[in-house]
Each structure stands twice: as C-alpha cells, then as structure tokens.
Amino acid sequence: MDPAKTYPSTICHVVAMPYPGRGHINAMMNLCKLLALKRPQNILVTFVVTEEWLGFIGSDRKPANFRFATVPNVIPSELGRAKDFPGFVEAVYTKMEAPFEELLDRLEPPVTAIVADTYLISATRVGNRRNIPVASLWPMSATVFSVLHHFELLVQHGHSPIEVSEHGDELVDYIPGVSATRIIDLPPVITPKLLHRCLEGVSLVSKAQYLLFTSVSTLEYEAIDTLKAKFPFPVYPIGPTIPYFELQKNSSLTDGHIHGVNYFRWLDCQPIDSVLYVSLGSFLSISSAQMDEIVGGLQDSGVRYLWVSRGETGRVEDTCGGDMGLVVPWCDQLKVLCHPSVGGFLTHCGWNSTLEATFAGVPMLTFPIFWDQIPNSKQIVEDWKVGWRVKKDVGFENLVTRGEISELVKRLMDQKSNEGNEMRKRAKQLQEACQGAITEGGSSEANLDAFIRDVSKGHVGH
Ligand SMILES: O=c1ccn([C@@H]2O[C@H](COP(=O)(O)OP(=O)(O)O[C@H]3O[C@H](CO)[C@@H](O)[C@H](O)[C@H]3O)[C@@H](O)[C@H]2O)c(=O)[nH]1
C-alpha cells in the first residue's frame, strides 16, 4: 500500500505504538502483521517507531497494507540503552507524547484504533483525548501483569518493599490467578522510580478499551481468567505473538547466512535433538566471569551448541569454536528452535523467547537476568515443568560454576534419561496447546477475529 495514496474513509486504520525495545517491537510487529494479513482489503496498519528504529527494521518483510511512520529520536539511542536504563524509561514515558500526537494529526486516513504497548502511557492518553479506542498490548506474561496489577497486595502483606536476602524464600500465595511464588521469584524492584512508572502503565490499562495478551490462554488460564473478570472491557489473549506465519517462507538452504557461515546448513548436519541453542538476550549482559563459566560448562559437557552471542561474539568464538559448536551474532531464532536438530534452549527467559521455545516444544535451561525474566523462569520450571534452573538466585553475586552448568546441560540433552523424557513429553503437550490456539477455531485465532470485528465496527467488510 502506497503511503501517499488516498484510502477509502471506510478502511479500518490501526495505528500501533510499540515500546522501543527489541522484545516489545517484535511482539507488536507480529500482532500487526497478523491483523494486516487477516484483512488485506479492510485494514491498514501504521506502525510507529523512532527514526532510529526505522533504520533497524524498515527493510523487514511486511504485508502491502502495513506501513511505517516515525517520530523523531526524542529518546536516548538504542545503542547503549542499557547504560542508563532508568533514564531511557523516563524519556519513553515523558518525551514521546507530543511527537506521537503531532504524527496523528498528519496521518491519513483517520485513525480507527490505537494499539499501544502497555508501557506507552502517552499513546493511551492521546487516544482518550481524541476519542480513539485504545487496545493495550501487554508484552509480558499475564502472570506478571497480575502481580503488578495487584501490587497493593504485596504492600499490604509486608512483602514490598522487603529485604530479599532475608525473606526471599517467603511464599506469596495471594495474588489472584498466580500460583504460590517465592518473593525471590517475583520481578525485582530495580529502582523505586522505575517501579512507579511500570505500575503507572499497568494502572492506565483501566483507561483502555481492550487488553491484549501476547500469551496463550491455556498457558496461563487462571491469571487470564481472573483478569477477564476484573476489567469491564474485552481481554483477549492472542498469542503466541511470534512469527509462526513466516516459518515456511524460506528453505534452510537459502536462508541462514551470517558472517559467511550458514547455520541452518550446519544444523541440518547435526543429529536430531542434539543441539543446545544458547541465547542470553540482547539487552543486559551477564558478568564476564559468569560468561567464562558458561563457556567452560558447555565445552565440558561435550554437547553440540549454537550460540547467539552479541557484543561478546569474538570472545565466545575464541574460547568455544571447534566442531561441536557454532557462534553467531544473530539468527532467525524461531526457525532455529523449530529445527529438528535443536533439543534444548539455554535462555535468559525473555517472554518472546519463552513463547517461541514453548511453541517449538523445546525444553529449557533458565538463566534469567532481570525483571519479568525471573518469574518467567519460575513459570517454566515449576508451573509448566518444561525446564530446569541454571541461575537459582538472581540478584546475588555467586557464580554458577562450569561444573554445575556442564552437569545440567548433559542431563537436559541426554535422550535416554527418564526425567528428561518426562520433560520433553510435557514440552510437546504445551507445544500442541500453543499450536492449537492459532489454528482455525483455536482460542487465539478466535480472539483475534473478535478483536478485528470489534475495532472495525462501522467499517466496510468487518
Ligand atoms: O539471534 C536472535 C536473538 C533474538 N531474536 C529474537 O529477539 C526476540 C527477543 O525477545 P525476548 O526473548 O523477549 O528478549 P528481550 O529482547 O530481552 O526482551 C525484552 O522484552 C521482553 C518482552 O517484553 C521481556 O520479557 C524481556 O525481559 C526484555 O528483556 C525474540 O523474538 C527472538 O526470537 C532473534 O530473532 N535472533
């Protein structure tokens, strides 16, 4: 669709505003592509990012009725964002409203609905002021949403603020829809100001007209059901918001080239379920001493691995390398996880990675680093029982040793072990639940259709 073209006023124009971070943008992008693909004639999606982010994603494949629009770089650069995370969040909360509103003034055709990341409170405010319906997209688990939505309960029980080093093992069993969780497995308070900002985003959901979850209803049935009962508007789990609809697009022979290596071809040559995929996130990194233990543990295990390592690629390559492993700076993660040779995932438990591994039926070793990754790890290990913890006590300095890592990796990848087989069986069950949700008549598919029907009311062809 040509941005300069005029569109019929009857077209349903959805403006999407993601939070400017990879995990958030990916989820919003996948939702928007699905919306556009489902109604190629009746929906136009305008996806709003900063000029810097357009440089990163502007050349991505997209449907014809999906276009980008930009706001100026009013926030600190993505490159080095982790250096002052609180400052970055503050800028997102305070600097994006005016340029977003100015952009809306210029956009044609008139905007029918805004889909905004829950953390983008400015987009909700602008929508409210202009009487445009807002769908708040929560990019993390419904469980984490429930914890934050009921944060007052933690305060009432004396569990926040709290000294985690002394009370970390106390159980929180009063958050509606959330299974009993140790304090140490809840999202940690990074700074009081950040917590305040985050709670502000969650509380502003009450001013939206829809709440969308990137999750799947069967994965978090109780949390989602409780929240459905709380809000007077539709709550739609539409996940997993991962690019499953692009899985068939390229064959592994033409795809997968990076730095002169074709990692898909390498995977094709490995035995089934033999490769551990390692990715510990793009944003915050672990200490170099811990990294050395992981590298050593992997080598000692004798297990094959494909490691996505940003920043430290050279260092990891120098130490790893060899026939057993491949180190790349980036890969097509969902496709890698779905490759038959991949039998395990050492993950930082970002929510998208968690959904992707679940969709692919791959058991996990969890190494959460911060925020929602910690409860995600708990959910993977204790609730779904599709993984084991590598890092047990996030926030404490003690290293997980190479010996511990090597043992866990060997145990996970041992195709003959009973406990491993039990876990693989459960991973396949969750995989079926995820894949069922997106097939015709599945829960997420039905929710997405209902959402499209709701927002396109009054527009032709809904
Ligand atoms: O080589 C790679 C590495 C990553 N990815 C993709 O990048 C995304 C990463 O997302 P996620 O796993 O959620 O990690 P983060 O980028 O760290 O996500 C941030 O955003 C998430 C969603 O809000 C939160 O759950 C995390 O804690 C937060 O760090 C996923 O879709 C991956 O498939 C690739 O495609 N190739």
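Residues numbered from 1 in each chain as written. Predicted model: local features only at pLDDT ≥ 70, side-chain atom pairs only at ≥ 80, totals over all residues. Heavy atoms only, no water.

Caption draft 1: Expanded view of the overall build of the protein. The helix and strand tally for the protein stands at 19 helices and 17 strands. With respect to the principal axes defined by its C-alpha atoms, the protein has extents near 65 × 55 × 40 Å. The long-range share in the protein, meaning contacts at least 24 apart out of those at least 6 apart in sequence, stands at 67%. (Helix = DSSP H or I, 4+ residues; strand = E, 2+ residues; numbered from the N terminus. Contact = heavy atoms within 4.5 Å.)

Caption draft 2: Up close: the packing of aromatic side chains. Tallied over the entire structure, the rule returns 19 aromatic pairs. Between phenylalanine 47 and phenylalanine 68, the aromatic rings sit 5.9 Å apart at their centres with planes inclined by 85 degrees, giving edge-to-face as the arrangement. Of this pair, phenylalanine 47 sits in strand 2 (residues 43-50) while phenylalanine 68 sits in strand 3 (residues 66-71), and the two are 21 residues apart along the sequence. The buried category is assigned to phenylalanine 68, whose relative accessible area is 18%. Seen from their ring centres, tryptophan 53 and phenylalanine 56 are 5.0 Å apart, and the 90 degrees between their planes marks the pair as edge-to-face. With tryptophan 53 and phenylalanine 56 both in helix 2 (residues 51-57), this residue pair falls 3 residues apart, about one helical turn. (Phe/Tyr/Trp six-rings, centres within 6.5 Å; stacked < 30°, edge-to-face > 60°. Buried < 20%, exposed > 50% of the residue type's maximum accessible area, 1.4 Å probe, protein only.)

Caption draft 3: Structural detail: the site of the ligand. Taken together, 20 residues sit near the ligand, with Cys331, Asn352, Ser353, Glu356 and Asp372 positioned nearest. One of the side-chain N or O atoms of glutamine 333 is found 3.4 Å from an oxygen atom in the ligand. Measuring from an oxygen atom of the ligand, one finds a side-chain N or O atom of serine 353 at 2.5 Å. When the ligand is considered free in solution it has 690 Å² of accessible area, and contact with the protein chains removes 92% of it. Secondary-structure elements contributing two or more residues to the shell around the ligand are helix 1 (22-38) and helix 15 (351-360). The greatest single-element share of the shell around the ligand, amounting to 4 residues, is contributed by helix 15. (Near = heavy atom within 4 Å. Polar contact = N/O pair within 3.5 Å; in protein donor to acceptor, adjacent residues only side chain to side chain. Areas by Shrake-Rupley, 256 points an atom, 1.4 Å probe, with all protein chains shown as cover.)

Caption draft 4: Structural context of the layout of surface pockets. Estimates place the volume of the second largest pocket at around 590 Å³. Taken together, 25 residues make up the lining of the second largest pocket; nearest its centre are Val164, Pro187, Pro188, Val189 and Ile190. For the lining of the second largest pocket, the secondary-structure elements that each account for two or more residues are helix 6 (142-149), helix 7 (151-156) and helix 9 (192-203). (1 Å grid on protein atoms, 1.4 Å probe; cavity = no way out; pocket = protein on both sides within 12 Å on 5 of 7 lines; lining within 4 Å. Points joined across faces, edges and corners; volume = space filled by probe spheres on them.)

Caption draft 5: Molecular detail of unusual backbone geometry. Cis peptide bonds are those with omega within 30 degrees of zero, and the linkage from serine 160 to proline 161 qualifies with -5 degrees. Following the sequence through the fold, proline 161 ends up in the loop between helix 7 and helix 8 (164-167). Omega for the bond connecting glycine 239 with proline 240 falls within 30 degrees of zero, at 5 degrees, which places this linkage in the cis form. Along the polypeptide, proline 240 turns up in the loop between strand 9 (235-237) and strand 10 (257-258). Positive phi, close to 60 degrees, is recorded for asparagine 131, a residue that is not glycine. Asparagine 131 gets classed as exposed once you look at its relative accessible area, which sits at 73%. At cysteine 349, a position not held by glycine, the phi torsion is positive, near 70 degrees. Turning to its location among the elements, cysteine 349 is positioned in the loop between strand 15 (342-347) and helix 15. For cysteine 349, a relative accessible area of 0% puts it in the buried group.

Caption draft 6: Region of the structure containing the sheet that holds strand 12 (residues 275-279). Here 6 strands make up an open sheet; going across it, the order is 14-13-12-15-16-17 and the pairing parallel. Strands at the two margins of the open sheet, each flanked by one partner only, are strand 14 (325-328) and strand 17 (387-389). Each strand axis lies, on average, 15 degrees off the axis of its neighbour in the sheet, ignoring direction. Sheet contacts for helix 16 (residues 373-383): strand 16 (364-366) and strand 17; angle to strand 17, the most-contacted strand, approximately 120 degrees. (Pairing = 2+ DSSP bridges. Axes fitted to C-alpha atoms, helices over the stretch in contact; angles between N-to-C directions.)

Caption draft 7: Fine view of the environment of glycine 325. Residue position: glycine 325 is located in strand 14. Classification of glycine 325 by relative accessible area gives buried; the value is 6%. Sequence separation between glycine 325 and tryptophan 266 is 59 residues; the distance between their C-alpha atoms is 9.6 Å. For glycine 325, the residues in contact, after removing those within four places along its chain, are Trp266 and Tyr305.

Caption draft 8: Molecular detail of the nonpolar core. Formed by 72 residues in total, the largest nonpolar core has its most connected members in Phe47 and Leu306. Sorting elements by how many residues they give to this core places helix 1 first, with 8 residues. Those residues in contact with phenylalanine 47 that sit more than four places away from it in its chain are Ala16, Pro18, Ile25, Met28, Met29, Cys32, Ile57, Phe66, Arg67, Phe68 and Ala69. Ranked by size, the runner-up nonpolar core spans 59 residues in total, among them Ala69, Leu103, Phe213 and Val235. (Core = buried A, V, L, I, M, F, W, Y, C linked by side-chain atoms within 4.5 Å.)

Caption draft 9: Representation of the environment of arginine 197 within the structure. Here arginine 197 is to be found in helix 9. The class of arginine 197 is buried, set by a relative accessible area of 12%. Placed 42 residues apart in sequence, arginine 197 and valine 155 show a C-alpha to C-alpha distance of 17 Å.

Caption draft 10: The pattern of salt bridges, seen in detail. Across all of its chains, the model carries 23 salt bridges by this definition. The partner of arginine 125 in a salt bridge is glutamate 97, with the nearest N and O atoms 2.5 Å apart. With arginine 125 in helix 5 (residues 121-129) and glutamate 97 in helix 4 (residues 97-106), the pair connects residues that are 28 residues apart, well separated along the chain. You can call arginine 125 partly exposed: its relative accessible area is 31%. The residue aspartate 169 makes a salt bridge to arginine 182 at a minimum N-O spacing of 2.9 Å. Taken as a pair, aspartate 169 in the loop between helix 8 and strand 6 (171-172) and arginine 182 in strand 7 (residues 181-182) lie far apart in primary sequence, 13 residues in all. Residue classification places aspartate 169 among the exposed positions, given a relative accessible area of 57%. What you see here is one network of salt bridges that share partners, running through Glu97, Glu101, Asp105, Arg125, Arg129 and Arg130. (Salt bridge = Lys/Arg side-chain N within 4 Å of Asp/Glu carboxyl O.)

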